[in-house]
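The primary structure of each chain is shown beneath.
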Amino acid sequence: MRFLHTSDWHLGRSFHRAGMLGAQAEFIGHLVSTVREREVDAVVVSGDVYDRAVPPLSAVELFDDALHRLAGLGVPTVMISGNHDSARRLGVGAGLMGRAGIHLRTEPSACGTPVLLPDAHGDVAFYGLPYLEPALVRDEFGVERAGHETVLAAAMERVRADLAARPAGTRSVVLAHAFVTGGEPSDSERDIAVGGVASVPAAVFEGVDYVALGHLHGCQTLTDRVRYSGSPLPYSFSEAGHRKSMWLVDLAGDGSVTAERVDCPVPRPLARIRGTLEDLLADPALVSHEEAWVEATLTDPVRPADPMARLAERFPHTLALVFDPDRPPDDPDVSYARRLAGRDDQQIAEDFVAHVRGAGPDAHERTVLRDAFDAVRADETAREVAR
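As a starting point, this report considers the structure included with it. (Residues numbered from 1 in each chain as written. Predicted model: local features only at pLDDT ≥ 70, side-chain atom pairs only at ≥ 80, totals over all residues. Heavy atoms only, no water.)

## A word on the packing of helix α5 (residues 134–141) against helix α6 (residues 148–164)
Following both chains from N to C, one finds α5 and α6 inclined at 40°, their axes separated by 10 Å at the closest point. Considering their axes alone, α5 and α6 lie oblique with respect to each other. For the pair α5 and α6, the crossing hand works out as left-handed. Residues Pro134, Val137, Glu140 and Phe141 of α5 form the contact with α6, whose own contacting residues are His148, Val151, Ala154, Ala155 and Arg158. In the contact of α5 with α6, the residues fall into six nonpolar, one polar and two charged. (Axes fitted to C-alpha atoms, helices over the stretch in contact; angles between N-to-C directions. Helix = DSSP H or I, 4+ residues; strand = E, 2+ residues; numbered from the N terminus. Parallel < 35°, antiparallel > 145°, perpendicular 65-115°, else oblique. Left-handed = near helix turned anticlockwise from the far one by under 90°. Contact = heavy atoms within 4.5 Å. Nonpolar A, V, L, I, M, F, W, Y, C, P; charged D, E, K, R; others polar.)

Take a look at the structure:
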């Protein structure tokens, strides 16, 4: 069976102030063309179809168009909800859509119920594991400790139990939306850490033939059988070095896997440039970036006048401007943002406690802070789900 693995469309999202709907529509056209030209048997979409729980109408219309075009080709599509999606909203009409070959898997309770797609060698069971927010699904899976690893392990127990009851030789594909250990994140993914832990080991998924992952925006191979497709478009300048693509996966009758990267259309290259304003405006080596989306970091010791307007004369698609004056780290004028760079909420809170009282939090206090952050994030997720 040949299937196309993609994820993290984030329909409705913009790139800084640049609208991405046209580029997203171009990607959908490319996806459909690939399915037709490469004789794809199925499409899997591993979450974050939309960028937010209540997407704009234009994003919903594009999603509707994608489903109609895929259904028109007669190619089954299996799709799960991600942490940016509202599972309930995405899953509306799932039963009816399933009759057209569009299989939406948004309910945690259905993790062990696969979509069965046959080929010449028998059935391939596609198991959809939507994003599992630990605090919201712990009762469903009967786990005492609400963490990503525990709930995913419980979901995979259901998958393996169902697979064991099927005829020998049944092949299996799992769709999951998670941060798996060994994956390389970027700046555009939403933090999903629980208890200070965001990632789960790849060993959680043992026992299946292929794991189609979503959440991280870079295309990555963790093992031959565990892969991220990455997002088809860039959503932060940290993705400047990414090659945006999908995985074209061939699953043989014996369960062996071969995979090929299929490049996605590039709406405009990304460039991160750094230096003083005068140097950036004069450097001939930067000619190749003049039509790119640009993030410019200015190192001038004093902020120059009208920097964005002046940069735009040479780089008309400059979208982000960062000031990072060349100063020693202990300089009192070093920006607050620079001091916080690379630090998570827990670390910032612990630093604040140390600053206020002269000593950092003890182990119990760190646990209290971590629980508070987890509770707030879980409450925000619950509110999105209820919208």
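## Let's talk about the environment of Ala94
Mapping Ala94 onto the fold places it in helix α4 (residues 94–98). Taking the C-alpha atoms as reference points, Ala94 and Thr106, twelve residues apart in sequence, are found 8.9 Å from one another. Contact partners of Ala94, with chain neighbours within four places excluded, come to Ile102 and Leu104.

## Concerning helix α1 (residues 21–37)
Compared with the 24 Å implied by 1.5 Å per residue over 17 residues, the 24 Å span of α1 between its first and last C-alpha is a close match. Three or more residues of α1 are buried, namely Ala23, Gln24, Phe27, Ile28, Gly29, Leu31, Val32, Thr34 and Val35. Glu39 lies just past α1 and shows a positive phi near 55°. (Expected span 1.5 Å × (residues − 1). Buried < 20%, exposed > 50% of the residue type's maximum accessible area, 1.4 Å probe, protein only.)

## A closer look at the pattern of salt bridges
All chains considered together, the criterion is met by 16 salt bridges. The partner of Asp263 in a salt bridge is Arg243, with the nearest N and O atoms 2.6 Å apart. Separated by 20 residues along the polypeptide, Asp263 in strand β14 (residues 257–263) and Arg243 in the loop between β12 (226–228) and β13 (245–251) bring together distant segments of the chain. Owing to a relative accessible area of 43%, Arg243 belongs among the partly exposed residues under this scheme. Among the ionic pairs, Glu290 bridges to Arg314, the shortest N-O distance being 2.9 Å. Placement of the pair is Glu290 in the loop between α7 (277–282) and β16 (293–298) and Arg314 in helix α8 (residues 307–314), with a sequence separation of 24 residues. For Glu290, a relative accessible area of 24% translates into the label partly exposed. The exposure class assigned to Arg314 is buried, which follows from its relative accessible area of 13%. The network of salt bridges with shared partners includes Arg274, Asp324 and Asp326. (Salt bridge = Lys/Arg side-chain N within 4 Å of Asp/Glu carboxyl O.)

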